[in-house]
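A closer look at the structure
Residues per chain, in single letters:
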Amino acid sequence: MADDDVQGFRAGQPGLMVRVPEAEPLVRAWRERLDPSARAGVPAHVTVLFPFLDASRIDEGVCVAIGEVLGRRESFEARFDHCGRFPGVLYLAPAVDTSFRRLTEAIVERWPENPPFGRQFDDVVPPLTAAQGQDEAVMEKAEADLLTGLPVVAQVSAVDLLVHDGTRWRHRASFSLG
């Protein structure tokens, strides 16, 4: 498709995410080199739901509904204290991921037609991706470096809606947690 970028995201494709600015000093250099989403404008984050409704369907009513769903969830502290791996992916993992999972569950309960990652995975783990698509030696070097900067502690008080414009991810709205 003409509006697809090299990662296969299409214009109008949105995602809900928790920004983790506290992790930026640790992961920024690795993400800029080894995570294509960083180069496309995505900050250090934990995904709440991707994909979400097409951007053409996200009107004021949908935004109000997102705000209501997320406003019932309490803000929380997240402590990223170790690294994890998926095939081809290195990430910072929260010590306890329950609060992130509950955010995803709340959104999916309201919009069940949008399962996390299109049902690609049986268990949706909430990672903060640091690198992807690299050979093992690069991943090991990145992991060793990241471990020296852990833990990262973050206060989670909002979820952001980002939308892909065909080239970059753009911030569209923020929704406060209760």
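Throughout what follows, the structure given in this document is the object of discussion. Predicted model only: the values in this text are computed from it and were never measured.

1. Let's talk about the nonpolar core
Residues Phe52, Leu92 and Ile107 are the most contacted members of the largest nonpolar core, which totals 50 residues. With 6 residues, helix H3 (residues 60–71) is the largest single contributor of residues to this core. With near-sequence residues (within four places) excluded, Ile107 lies in contact with Leu16, Val48, Leu49, Phe52, Ile66, Val69 and Leu70. Membership of the second largest hydrophobic core comes to 6 residues, among which are Ala40, Val42, Phe50 and Leu162.

2. Quick notes on the sheet that holds strand E5 (residues 128–132)
On the basis of which strands lie adjacent, the open sheet formed by 4 strands has the order E5-E4-E3-E6 and antiparallel pairing. In the strand order of this sheet, the two ends are held by E5 and strand E6 (152–156), each with one partner. For this sheet the average axis-to-axis angle between neighbouring strands, irrespective of direction, equals 35°. As defined by bridge partners, strand E4 (residues 89–94) adjoins E5 across 4 bridges and the pair is classed as antiparallel. The residue of E5 that forms the bridge with Leu92 is Leu128. Strands E4, E5 and E6 of the sheet are contacted by helix H1 (residues 24–34), whose axis makes an angle of about 40° with E5. The strands touched by helix H5 (residues 136–147) within the sheet are strand E3 (76–86), E4 and E5, with E3 carrying the most contacts at an inclination of about 155°.

3. Topic: the pairing of strand E7 (residues 158–164)
Counting buried positions along E7 gives 6 out of 7 residues, so the element sits mostly inside the fold. Bridge count between strand E1 (residues 14–19) and E7: 4 bridges; the pairing is antiparallel. Its bridge partner being in E7, Gly15 is matched across the sheet by Leu162. As defined by bridge partners, E7 adjoins strand E8 (residues 169–176) across 7 bridges and the pair is classed as antiparallel.

4. Considering the pairing of strand E2 (residues 45–49)
Regular strands place their side chains on alternate faces of the sheet. Summarising burial for E2: 4 of the 5 residues are buried, a large majority. Of the strand pairs in this sheet, E1 and E2 are connected by 4 bridges, and their pairing is antiparallel. Bridge assignment links Arg19 to a residue of E2, and that residue is His45.

5. Looking at the sheet that holds E1
In any sheet, the strands associate via hydrogen bonds between backbone groups, in a parallel or an antiparallel arrangement. Strand order in the open sheet formed by 4 strands is E2-E1-E7-E8, with antiparallel pairing between adjacent strands. Of all strands in the sheet, those bounded by a partner on one side alone are E2 and E8. The average undirected angle you get between the axes of adjacent strands in this sheet is 35°. Contacts between helix H4 (residues 98–110) and the sheet are confined to E1, E2 and E7, with E2 contributing the most and set at about 30° to the helix.

6. Digging into the packing of H3 against H4
Interhelical geometry of H3 versus H4 gives an angle of 140° and a closest axis separation of 10 Å. Classified by the angle between their axes, H3 and H4 sit oblique to one another. Relative to H4, the crossing made by H3 is right-handed. Here Ala65, Ile66, Val69 and Leu70 of H3 lie close against H4, whose contacting residues are Leu103, Ala106, Ile107 and Arg110.

7. Focus on H5
The first and last C-alpha atoms of H5 sit 16 Å apart over 12 residues, in line with the 16 Å expected at 1.5 Å per residue. Within the sequence span of H5, burial applies to Met139, Ala142, Glu143 and Leu146. In an axial view of H5, the angular spread of the buried residues amounts to 100°, which keeps them on one side of the axis. Those residues of H5 that are exposed and angled more than 90 degrees off the buried face are Ala137 and Lys141. Summarising the contacts, the buried residues of H5 are in contact with H1, E3, E4 and E5. Between the side-chain oxygen at the start of H5 and the backbone nitrogen of Ala137 there is a gap of 3.1 Å, and the oxygen is on Asp135.

Conventions we followed
Residues numbered from 1 in each chain as written. Predicted model: local features only at pLDDT ≥ 70, side-chain atom pairs only at ≥ 80, totals over all residues. Heavy atoms only, no water. Core = buried A, V, L, I, M, F, W, Y, C linked by side-chain atoms within 4.5 Å. Buried < 20%, exposed > 50% of the residue type's maximum accessible area, 1.4 Å probe, protein only. Helix = DSSP H or I, 4+ residues; strand = E, 2+ residues; numbered from the N terminus. Contact = heavy atoms within 4.5 Å. Pairing = 2+ DSSP bridges. Axes fitted to C-alpha atoms, helices over the stretch in contact; angles between N-to-C directions. Parallel < 35°, antiparallel > 145°, perpendicular 65-115°, else oblique. Left-handed = near helix turned anticlockwise from the far one by under 90°. Expected span 1.5 Å × (residues − 1). Arc of directions from axis to C-beta. Polar contact = N/O pair within 3.5 Å; in protein donor to acceptor, adjacent residues only side chain to side chain.

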